[in-house]
Amino acid sequence: MFLKLPRFTTVFFFPIIVATGLFYAVSFVEGNYICDLCSQARLLLILPLGLILLITLLRNNAAISFCATVLLTVIGIQTIFGSGHLLDKRSESRAKVESKNEITILNFNTEFQHNNNIDSFIAYCKEKDPDIVVLTESQKNWIDAIDKLKYPTGMHILKGVGVSVLSKYRTLGSQVYFLGMSKHPQVHFQINKDNQIINVVVLHLSARQTPAGYNDRQSELQTLQKQLKKTNYPTIVLGDTNSSNWSSSIKSFLNGANLKDTQDGFITIPTWPARKGKIIKDIAIPPFVAIDNVFVSKDFEVLERKVGPALGSDHMPIFVKLHLSKRI
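Every chain is numbered independently, its residues counted from 1 as its sequence is written. The predicted nature of this model means local features are confined to residues of pLDDT at least 70 and side-chain atom pairs, given and counted, to a pLDDT of 80 or more, with totals for whole chains, interfaces and linings taken over all residues. Values reported for side chains reflect all heavy atoms of the structure, with hydrogen atoms and water molecules removed beforehand.

**Some remarks on the sheet that holds strand 5 (residues 171-179)**
The cut-off we apply is this: Two strands are said to pair when DSSP picks up at least two bridges between them. Only DSSP runs of H or I reaching four residues or more are called helices, and only runs of E reaching two or more are called strands; each is numbered from the N terminus. Comment: axis = line fitted to C-alpha atoms, over the contacting stretch for helices; angle = value between 0 and 180 degrees taken between N-to-C directions.
If you walk across this open sheet you meet the six strands as 5-6-7-8-10-9, and the pairing is mixed. Unpaired on one side and paired on the other, strand 5 and strand 9 (259-261) mark the two borders of the sheet. Adjacent strand axes in the sheet meet at a mean angle of 20 degrees when their direction is disregarded. Bridge count between strand 7 (residues 196-204) and strand 8 (residues 235-240): six bridges; the pairing is parallel.

If you want it as structure tokens, here you go:
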């Protein structure tokens, strides 16, 4: 009797499935630069697994199809739904929220170096009418344009890669820090909404493509975590984190700072990269990682979180509507 050899699809695809599973498992390891990079690519793992599933179904390879289905399900649920909330159970409470306690925020990285599509952003701002507008990678031509929105309060920091803030609320104080090797400005300010002080932090963390960048970002998060422990005010932290909320370092920061991700309970929608010609001329690259984030203290309930349209940047805008609990 001849030894029955494994089917070609089994021999070819099984190592790929094993490698994909190991890649996914490694992405949860904390405190390691390579593992943190792996966490950014979790959504991309769906592509080879989906292709393998399609081919093995057509080839009637039940074993490999089953393995691919299980892995696809695990990665898909964890990555797309983030916190595991498949159903949003807060819809009833949202309908009963008093609108006077709402606050809306628009967060956008302009990528001004390649983006002059300012009119589209202005139109989107007028459509959403946010209480606070935050721009990272801001520059003078953008500032001159958004000042036409006539917000009562505005702050513009142009040293290094700029940050701009427009607010309908009075600012009580502000502090600016230039952290890490990148010297991106980190802006802390406080607003008064209905006699309640709210602490707001706008950040643009160091990129983590190199070990030095990863260490820089870790240091920035640790410094911010220590600063936030000194305040009892409701807090909003937002901007370009240069890291998805799948990253173990981001999760560690949220736990240490006692913050929550506004994305919890909502389907994860990637925000970067989103600009045509970023790698190949005139070819649009679909976003595959959510690096534009809004984190809040537990004084807030998240009523709405939406990713806006492409506005010429390689980042998509984020619109968030929050409800502030009454504080004693």
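Having seen the structure, we can now continue with the description.
**Side note on helix 1 (residues 8-26)**
Basically, it comes down to this: To estimate the expected span of a helix, count its residues, drop one, and scale the result by 1.5 Å. At any given residue, the bend is defined as the angle formed between two axes, one fitted to the seven residues that end at that position and one fitted to the seven that begin there. Type-normalised accessible area, obtained with a 1.4 Å probe on protein chains alone, sets the label of each residue: buried when under 20%, exposed when over 50%, and partly exposed for intermediate values. The contact criterion used throughout is that any non-hydrogen atoms of two residues lie within 4.5 Å.
Taking 1.5 Å per residue, 19 residues should reach 27 Å; helix 1 reaches 28 Å between its end C-alpha atoms and fits that length. Bending of helix 1 peaks at approximately 25 degrees at the position of Phe 14, with proline Pro 15 no more than four residues after it. Those residues of helix 1 that fall on the buried side of the exposure criterion are Thr 9, Phe 13, Ile 17, Thr 20 and Tyr 24. Packed against the buried residues of helix 1 are helix 3 (46-58) and helix 4 (62-81).

**Digging into the confidence of the model for the chain**
Convention followed: Confidence scores here are pLDDT values: one per residue, from the predictor, ranging 0 to 100.
Residue-level pLDDT values for the chain average 87, and 89% of them are 70 or greater. The secondary-structure element of the chain with the lowest mean pLDDT is helix 5 (residues 91-95), recorded at 45, while strand 8 shows the highest, at 98. A low-confidence stretch, residues 1-5 stays under pLDDT 50, and its non-local contacts, those more than four residues away or across chains, total zero contacts. The model gives residues 83-97 a pLDDT under 50, and that stretch makes 23 contacts with residues more than four places away or in other chains.

**A short note on the pairing of strand 8**
What counts here: Looking down the strands as they point away from you, a crossover is right-handed if its path from the first strand over the helix to the second goes clockwise.
With six of its six residues buried, strand 8 lies for the most part within the structure. Crossover strand 7 to strand 8 through helix 8 (residues 211-228) is right-handed. In this sheet, strand 10 (residues 292-297) lies alongside strand 8 in antiparallel orientation, the contact comprising five bridges. The partner of Asp 240 across the bridge, within strand 10, is Asp 292.

**Details of the side chain of Ser 39**
Let me state the cut-off plainly: Polar contacts, as counted here, are pairs of nitrogen or oxygen atoms within 3.5 Å of one another; within protein the pair requires one atom able to donate a hydrogen and one able to accept it, and residues that are adjacent in sequence qualify only if both atoms are side-chain atoms.
By the secondary structure assignment, Ser 39 is in helix 2 (residues 33-40). A distance of 2.5 Å separates a polar side-chain atom of Ser 39 from the backbone oxygen of Asp 36. Not counting residues up to four positions away in its chain, the partners in contact with Ser 39 are Ser 27, Ser 244, Trp 246 and Ser 247.

**Quick look at the pairing of strand 5**
Relative to strand 6 (residues 184-193), strand 5 runs antiparallel, the two sharing eight bridges. By the bridge assignment, Val 176 is partnered in strand 6 with Val 187. Counted between consecutive antiparallel strands, the loop separating strand 5 from strand 6 contains four residues, among which Gly 180 sits at a positive phi close to 70 degrees.

**Describing the environment of His 184**
With respect to the helices, strands and loops of the structure, His 184 is situated in strand 6. C-alpha of His 184 to C-alpha of Gly 162: the two residues are 22 residues apart in sequence and 7.5 Å apart in space. For His 184, the side chain forms a polar contact with the main-chain oxygen of His 204, separated by 2.8 Å.

**Regarding the nonpolar core**
Here is the rule: We call a set of buried Ala, Val, Leu, Ile, Met, Phe, Trp, Tyr and Cys residues a nonpolar core when their side-chain atoms join them within 4.5 Å.
Ile 236 and Leu 322 are the most contacted members of the largest nonpolar core, which has 26 residues in total. The greatest single-element share of this core, amounting to four residues, is contributed by strand 12 (residues 318-324). Of all hydrophobic cores here, the second largest spans 18 residues; its members include Phe 121, Cys 125, Ala 145 and Leu 311.

**Structural notes on the sheet that holds strand 1 (residues 102-109)**
An order of 3-4-2-1-12-11 is seen for the six strands of this open sheet, with the pairing classed as mixed. Whereas interior strands pair on both sides, the edge strands pair on one side only; in this sheet they are strand 3 (153-157) and strand 11 (300-307). Adjacent strand axes in the sheet meet at a mean angle of 15 degrees, parallel and antiparallel pairs treated alike. Across five bridges, strand 1 lies against strand 2 (residues 132-138) in parallel orientation. Its bridge partner being in strand 2, Phe 108 is matched across the sheet by Leu 135. Lying on the sheet, helix 6 (residues 118-128) is in contact with strand 1, strand 2, strand 11 and strand 12; it crosses strand 1 at an angle near 170 degrees.

**Regarding unusual backbone geometry**
In this structure, the amide linkage connecting Trp 272 to the following residue, Pro 273, adopts the cis form with an omega of -10 degrees. Looking at the element boundaries, Pro 273 is found in the loop between strand 9 and strand 10. The phi dihedral of Glu 111 falls on the positive side, at around 45 degrees, and the residue is not glycine. Tracing the backbone through its elements, the reader meets Glu 111 in the loop between strand 1 and helix 6. Overall, the relative accessible area of 4% leaves Glu 111 in the buried class. Positioned with a positive phi, Lys 150 is a non-glycine residue whose angle comes to about 60 degrees. Checked against the element boundaries, Lys 150 lands in the loop between helix 7 (140-146) and strand 3.

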